[in-house]
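Notes for the structure review
The chain contents come next:
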Amino acid sequence: MTIRVRVPAKVNLHLGVGPLRTDGYHEVATVFCAVSLYDDIVAESSETLRLTVDGEGAHLPTDQGNLAYRAASLLASETGVKPEVSLHIHKQIPVAAGLAGGSADAAGTLLACNELWKTGLTVDELAGLASTLGSDVAFPLYGGVALGAGRGEILTPVAADVDLRLVLAISHQGLSTPAVYAELDRLRGDAATTESASDPEGIVAALRRGDVGAVAELLCNDMQSASLSLRHTLANVLELGGGASGLVSGSGPTIFFLARSADEEHHLVAALAPHCRRTLVVTAPVPGAQLSYTP
Ligand code: C5P
């Protein structure tokens, strides 16, 4: 049997970063939003656990160094089955881009293996496992828009009444999430363990009432100064948006712009294309990981 799962990338429409905790994580108050940029996972029965990757992640590790591989191992050990699966991931989500591509692959792998092995966990149970793999791994199982608390793994769905069109500016080189958090702490200095996270209440209300203009005004990322500090050229990319609201996605370096009209979207693509690796136009929000079978 072959199981296929399509799993979306995310942006953070709001990323409030609070204090550095004693466990090395930061308390966050974030608004995740799933976007129409996907990785596709194919899972087939096999005598061992095997992983291959093509597309954006062709150079990624295919062993324990890959979060998707660890996801399959974890589900097998938690449910007492043998990790017998051949996984193939076709990646369209750029790597180390602040779009949670690795998290998406791990989430999609949990869903695919749960189906292949008939281990019967609910999505909420899979999300429990996902959050032990990484702070952003549970969200792609649900998709849509959700508030993330704790280190990002405590999710509350947001009934957002919007159809957003975003233009993504993808950089030539990725950024390491831990390095950007460390840079944020360095910039905050003594305040790193006491700083409070920006409050997402305003943008959540705007999303609920479908006020795209207010959503554009209220985009916020407390990590942006750290991403810009590590990658100075990102400030120029943000300026290329002209009047359009732009924000670093997660820890970056991807920058997304909220296009308010087809004209603005075309203008953004034309302005950004010469200054980044590629531009992508996506819609949001979209549903989370989706299963399909081939008997
Ligand atoms: O949870 P995840 O494994 O994706 O996190 C990777 C790294 O990012 C952590 O080891 C930590 O350095 C940083 N991080 C953080 N606070 C969070 C999430 C991640 O400091 N809320």
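Refer to the structure printed above.
Residues numbered from 1 in each chain as written. Predicted model: local features only at pLDDT ≥ 70, side-chain atom pairs only at ≥ 80, totals over all residues. Heavy atoms only, no water.

1. A word on the overall build of the chain
The condition is simple: In this text, helices come from DSSP runs of H or I with a minimum length of four residues, and strands from runs of E with a minimum of two, each type numbered from the N-terminal end. Summary of the burial criterion: residues with accessible area below 20% of their type's maximum are buried, those above 50% are exposed, and those between are partly exposed, where the area comes from a 1.4 Å probe applied to protein chains only. Throughout, a residue-residue contact means that at least one pair of heavy atoms, one from each residue, lies within 4.5 Å. In short, Shrake-Rupley with a 1.4 Å probe defines the accessible areas, and a residue's cover is counted only from the protein chains shown.
Of regular secondary structure, the chain possesses ten helices and twelve strands. With respect to the three principal axes, the spread of C-alpha positions in the chain is 55 × 45 × 35 Å. Looking at the chain as a whole, 54% of its 295 residues are labelled buried. In the chain, the share of contacts with a sequence separation of at least 24, taken over all contacts with a separation of at least 6, comes to 76%. Surface exposure of the chain reaches about 12400 Å², of which carbon and sulfur atoms provide 51%.

2. Looking at the sheet that holds strand 7 (residues 164-170)
Strand pairing in a sheet relies on backbone hydrogen bonds. The paired strands run either parallel or antiparallel. As a reminder, the rule being used: Note on pairing: DSSP must find at least two bridges between two strands before they are called paired. Only the stretch in contact is used when fitting a helix axis, every axis being a line fitted to C-alpha atoms; angles between N-to-C directions are given from 0 to 180 degrees.
The strand order across the open sheet built from four strands is 9-10-7-11, with neighbouring strands paired in antiparallel fashion. Bordering the open sheet on either side are strand 9 (245-248) and strand 11 (278-284), each of which pairs with just one other strand. The sheet shows a mean angle of 25 degrees between the axes of neighbouring strands, direction not considered. By the bridge criterion, seven bridges tie strand 7 to strand 11 in an arrangement that is antiparallel. The partner of leucine 164 across the bridge, within strand 11, is alanine 284. Along the sheet, helix 9 (residues 233-240) contacts strand 7, strand 9 and strand 10 (255-258); its crossing angle with strand 10, the most-contacted strand, is approximately 15 degrees. Strand contacts of helix 10 (residues 262-272): strand 7, strand 10 and strand 11, with the helix running at about 5 degrees to strand 7, the strand carrying the most contacts.

3. Points about helix 10
Applied cut-off: The reported arc concerns the directions from the helix axis to the C-beta atoms and nothing else.
Within helix 10, burial applies to Glu264, Glu265, Leu268, Ala271 and Leu272. In a view along the axis of helix 10, the buried residues occupy a sector of 135 degrees, so they form one face of it. For helix 10, the exposed residues lying more than 90 degrees away from the buried face are Asp263, His266 and Ala270. Contacts from the buried residues of helix 10 go to strand 7, helix 9, strand 10 and strand 11.

4. Concerning the state of the cysteines
What counts is decided by this rule: Note on terminology: pairs of cysteine sulfur atoms within 2.5 Å are recorded as disulfides.
For the coordinates displayed, the defined rule picks out zero disulfides. The thiol of cysteine 220 is unpaired, and the distance to the nearest cysteine sulfur, on cysteine 33, comes to 15 Å. Judged by its relative accessible area of 18%, cysteine 220 is buried.

5. Some points on the pattern of salt bridges
Basically, it comes down to this: The salt bridge criterion pairs a side-chain nitrogen of Lys or Arg with a carboxyl oxygen of Asp or Glu, the two atoms within 4 Å.
Per the counting criterion, the structure on display carries eleven salt bridges. In this structure, arginine 277 engages glutamate 56 in a salt bridge whose closest nitrogen and oxygen atoms are separated by 3.0 Å. Pair noted here: arginine 277 is in the loop between helix 10 and strand 11 and glutamate 56 is in the loop between strand 3 (49-55) and helix 1 (67-79), with a separation of 221 residues, a long-range link. Each of Arg21, Asp23 and Glu27 takes part in salt bridges that share partners, so that together they form one network.

6. Points about the site of the ligand
Going by this rule: Throughout, the term near means that a residue has one or more heavy atoms lying within 4 Å of the molecule or strand in question. For the purposes of these results, a polar contact is taken to be a pair of N or O atoms within 3.5 Å, where, inside protein, one atom must be able to donate a hydrogen and its partner to accept one; residues adjacent in sequence count only when each atom of the pair is a side-chain atom. Here the term charged refers only to Asp, Glu, Lys and Arg, the term nonpolar to Ala, Val, Leu, Ile, Met, Phe, Trp, Tyr, Cys and Pro, and the term polar to all other amino acids, Gly among them.
In the vicinity of the ligand, the contacting residues are Gly24, Tyr25, His26, Val28, Gly134, Ser135, Arg151, Thr177, Pro178 and Tyr181. Within the side chain of serine 135, one N or O atom sits 2.6 Å away from an oxygen atom of the ligand. Between arginine 151 and the ligand, the recorded distance is 3.0 Å, taken from a backbone N or O atom to a nitrogen atom. Breaking the shell around the ligand down by element, the ones donating at least two residues are strand 2 (26-44) and helix 5 (177-188). Ranked by residue count, the leading element in the shell around the ligand is helix 5, at three residues. Counted by class, the shell around the ligand contains four nonpolar, five polar and one charged residues.

7. Let's talk about the nonpolar core
Under the convention used in this document: To form a nonpolar core, buried Ala, Val, Leu, Ile, Met, Phe, Trp, Tyr and Cys residues must be joined to one another through side-chain atoms within 4.5 Å.
Counting residues in each nonpolar core, the largest one holds 69 residues, and the members touching the most others are Leu13, Leu166 and Leu168. What leucine 168 contacts, discounting residues up to four positions off in sequence, is Val11, Leu37, Leu99, Thr254, Ile255, Phe256, Arg278, Thr279, Leu280 and Val282. Judged by nonpolar contacts, the second largest core, of 13 residues, contains Ala244, Ile255, Phe257 and Leu268.

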